[in-house]
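So you can see what is in the structure, the chains are spelled out below.
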Amino acid sequence: MEAAARVIARRGVRGLRVEELAAEAGVSTALIYYHFKDRAGILRRTLEFINDRAGSYTTERGPDAAPLEPRQELEQTLLLELQDDDAVRENSTAWGELRASAIFEPHLREDLARATLVWVQEIADLLGRVHPMATAASLAIAAERLTALVEGLSMRWLSGILPLEHARELMRDAIDAELERLARR
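Analysis parameters
Residues numbered from 1 in each chain as written. Predicted model: local features only at pLDDT ≥ 70, side-chain atom pairs only at ≥ 80, totals over all residues. Heavy atoms only, no water. Helix = DSSP H or I, 4+ residues; strand = E, 2+ residues; numbered from the N terminus. Contact = heavy atoms within 4.5 Å. Patch = residues over 30% accessible without salt bridge, like charges linked within 9 Å, V, L, I, M, F, W, Y side chains within 5 Å. Areas by Shrake-Rupley, 256 points an atom, 1.4 Å probe, with all protein chains shown as cover. Salt bridge = Lys/Arg side-chain N within 4 Å of Asp/Glu carboxyl O.

Colleague: Looking at this model, I keep getting lost on unusual backbone geometry. Mind explaining?
Modeller: Across residues other than glycine, the phi torsion is negative in most instances, and most of the peptide bonds are trans. Even without being a glycine, Lys37 presents a positive backbone phi close to 70°. In this fold, Lys37 is placed in the loop between α3 (29–36) and α4 (39–59).

Dropping the structure here:
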């Protein structure tokens, strides 16, 4: 799965060739087809892998780490999507490639929509822990805005349009704005 994420990040979904994936993973093409059946299976499992890996680097904490306040946890979860780390760069790039390819490959849309919904729900839950009296609808809308923003900032940062620290500053400002909006409701 790491090899698939690397190849997609480097070549895009349209440039994904099973032969190149097999070479990157150090296995035969027959083994790739045995495990994934077809290209759609490769893409589906790669998306799951990317989501799982993002979950690990945005939520895992050391066993001795003090618990975070809800606001801190929200900020950390979103800002860790914007960090100068090879796995984060690869994940964000591959996610962007998968999202862009769904325009032309409708079979990806359902999986991407489901993965995005889970992410939005996780952020809405964190927002709800900061503002427990906010309505479910307002939490979902705020989470939708924040997750869309982090995706856009990530793409701008990765393409060299936006410095990383500025992207992180913009994300912090957006978190503040969403929390203020929720407090007023």
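Colleague: So what exactly am I meant to see when it comes to the side chain of Thr77 here?
Modeller: Here Thr77 shows up in helix α5 (residues 70–79). Residues in contact with Thr77, not counting those within four places in the same chain, are Thr58, Ile123 and Leu126.

Colleague: Would you take a moment to explain a nonpolar patch on the surface for this structure?
Modeller: A grouping of Val27, Leu31 and Tyr34 is seen on the molecular surface, where their side chains present a nonpolar patch of about 280 Å² in accessible area. Position of Tyr34 among the secondary structure elements: in helix α3.

Colleague: Mind showing me how you'd approach the environment of Leu74 here?
Modeller: Assignment of secondary structure puts Leu74 in helix α5. Sequence spacing of Leu74 and Tyr33 is 41 residues, and the spatial spacing of their C-alpha atoms is 39 Å. Beyond its immediate stretch of four places on either side in the chain, Leu74 contacts Ile123, Leu126, Leu127, Ile175 and Leu179.

Keep in mind that these numbers describe shape and distance, not what the molecule does.
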